[in-house]
Amino acid sequence: MSIGDVLLDVQDVSYHFGGVQALAGCSFTVHEGETLGLIGPNGAGKTTVGEMICGGRHPATGRILFGGVDISHAARWQIARLGVVRTFQMARLMTDTAVMENAMLARRPQRGERLWRSFFPRLWWDQEIEIATAAERTVTVVTLQEKLTQMAGVLSGGQRKLLELARAAVGEPRMLVLDEPVAGVNPRLRDDMVSVLRAFQEAGVTLLIVEHNLSFIERLCKRVIVMDQGRILTSGTLDEVRADPRVAKSYLGMNVVVA
Ligand SMILES: Nc1ncnc2c1ncn2[C@@H]1O[C@H](COP(=O)(O)OP(=O)(O)OP(=O)(O)O)[C@@H](O)[C@H]1O
Ligand SMILES: [Mg+2]
């Protein structure tokens, strides 16, 4: 997949939680079709900026453009409608609902939700079948086909993260923001996760991956950006940023090997 124009443009964004400055002039861009790794020590602001891109928080100053549209103060559902989907540091699923139904939940607003369609239930039903077919296919891609009818609550942490990805795929995202997709995930499921994300890449989906696991980042991202204290410290290939002494310094005291 070739890399296109700038899709996401984060411009000089700041944000604070009370007296804590979480983002302090954070700027970066992500190009259409790119997979960008976002790394940095605990508390750097990675989750906060990810939440902001998806409308969970709004910048105090600065702005965020998606496809040229200013989404800085847009609601979550408006941003989701543009095709931006996020997965969470801790997977969020309906645990007392079947795996298959969880996978069907993320579809973007479609034909059947328009009121007039309720007068044509046959069309609505066709669409339900279409979504179910897509959900079953994606659950198979993430290797959970044997769990289709089981409650999502029986899945392991890693399987829950794979199901979140399946759900995202059914929604046909343009951009996916992943917050620590392999934290606490065993090595076999980690490999599954790489394969699933490669499928997203091949489909042209733009990915922003927040992750502490650098070998995972290395397998998927040509370019990474490093955050520290609410701003971007540097960017480049993983090897380039690893060689930057400022990066090693920012990680001091953290249980992560960057060099
Ligand atoms: N809900 C909150 N209330 C108050 N402060 C918060 C809240 N969420 C985050 N912070 C603070 O904002 C800063 C940035 O946090 P954030 O969670 O974005 O970091 P992170 O880079 O995702 O860290 P980690 O790698 O540990 O997940 C930190 O100082 C954190 O303590
Ligand atoms: Mg975080």
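Each remark here, short or long, concerns the structure printed above.
Just so we're clear, the structure is a prediction, and the values are computed from it rather than from any experiment. (Residues numbered from 1 in each chain as written. Chains lettered and ligands numbered in written order. Predicted model: local features only at pLDDT ≥ 70, side-chain atom pairs only at ≥ 80, totals over all residues. Heavy atoms only, no water.)

Q: Give me the lowdown on the overall build of the protein chain, citing residues and values where you can.
A: What the protein chain contains, in helices and strands, is nine helices and ten strands. The proportion of buried residues among the 259 residues of the protein chain is 51%. Considering only intrachain contacts with a sequence separation of at least 6, the fraction spanning at least 24 residues in the protein chain is 67%. For the protein chain, the accessible surface area stands at approximately 12700 Å², while carbon and sulfur atoms represent 53% of it. (Helix = DSSP H or I, 4+ residues; strand = E, 2+ residues; numbered from the N terminus. Buried < 20%, exposed > 50% of the residue type's maximum accessible area, 1.4 Å probe, protein only. Contact = heavy atoms within 4.5 Å. Areas by Shrake-Rupley, 256 points an atom, 1.4 Å probe, with all protein chains shown as cover.)

Q: Residue-level account of helix α5 (residues 157-170), with values.
A: It helps to recall that an α-helix has 3.6 residues per turn; residues three or four apart then point in one direction. Here α5 contains 14 residues, and its C-alpha end-to-end distance of 20 Å stays within 8% of the 20 Å for a straight helix at 1.5 Å per residue. Burial within α5 is extensive, with eleven of its 14 residues counted as buried. All of the buried residues along α5 are Gly158, Gln159, Lys161, Leu162, Leu163, Glu164, Leu165, Ala166, Arg167, Ala168 and Val170. In the stretch just after α5, Glu172 is the one whose phi turns positive, near 45 degrees. (Expected span 1.5 Å × (residues − 1).)

Q: Lay out the site of ligand 1 with the relevant residues and their values.
A: Near ligand 1 lie 14 residues; those nearest to it are Asn42, Lys46, Thr47, Thr48 and His212. Contact between ligand 1 and Lys46: an oxygen atom at 2.7 Å from a side-chain N or O atom of the residue. At 2.8 Å, a side-chain N or O of Thr47 approaches an oxygen atom of ligand 1. Notes on ligand 1: free accessible area 640 Å², of which the protein chains cover 64%. When contributions to the shell around ligand 1 are tallied by element, the ones reaching two or more residues are β2 (20-31) and α1 (46-53). Element by element, the count of residues in the shell around ligand 1 is highest for α1, at three residues. Residue composition of the shell around ligand 1, grouped by class: five nonpolar, seven polar and two charged. (Near = heavy atom within 4 Å. Polar contact = N/O pair within 3.5 Å; in protein donor to acceptor, adjacent residues only side chain to side chain. Nonpolar A, V, L, I, M, F, W, Y, C, P; charged D, E, K, R; others polar.)

Q: If you had to explain the packing of α5 against helix α6 (residues 187-202) to someone new, which residues and values would you point to?
A: Running from N to C, α5 and α6 cross one another at 10 degrees; their axes reach a closest spacing of 10 Å. In terms of axis orientation, α5 runs roughly parallel to α6. Of the residues in α6, those touching α5 at Gly158, Gln159, Lys161, Leu162, Leu165 and Ala169 are Leu189, Asp192, Met193, Val196, Leu197 and Phe200. Partitioning the contact of α5 with α6 into residue classes produces eight nonpolar, two polar and two charged. (Axes fitted to C-alpha atoms, helices over the stretch in contact; angles between N-to-C directions. Parallel < 35°, antiparallel > 145°, perpendicular 65-115°, else oblique.)

Q: I'd love a proper account of the pattern of salt bridges, names of residues and values included.
A: Here the structure, examined in full by the defined rule, presents eight salt bridges. Here Glu34 ties to Arg223 by a salt bridge, and the two come within 2.7 Å at their closest N and O atoms. You can see Glu34 sitting in the loop between β2 and β3 (35-39) and its partner Arg223 sitting in strand β9 (residues 223-228), a full 189 residues away along the chain. On the basis of relative accessible area, Arg223 is assigned to the partly exposed category, the value being 24%. (Salt bridge = Lys/Arg side-chain N within 4 Å of Asp/Glu carboxyl O.)

Q: Help me get a handle on the sheet that holds strand β10 (residues 231-236), residues and values and all.
A: Read from one edge to the other, the open sheet built from six strands follows the order β6-β7-β8-β3-β9-β10, with strand pairing classed as mixed. At either margin of the open sheet sits one strand with a lone partner, and together these are β6 (84-87) and β10. Strand-to-strand twist in this sheet, taken as the mean axis angle between neighbours without regard to direction, amounts to 20 degrees. Alignment of β6 against strand β7 (residues 175-179), held across four bridges, turns out to be parallel. Residue pairing across strands places Arg86 opposite Val177, the latter belonging to β7. In this fold α6 packs onto β3, β7 and β8 (206-210), with an angle of close to 145 degrees to the strand it touches most, β8. (Pairing = 2+ DSSP bridges.)

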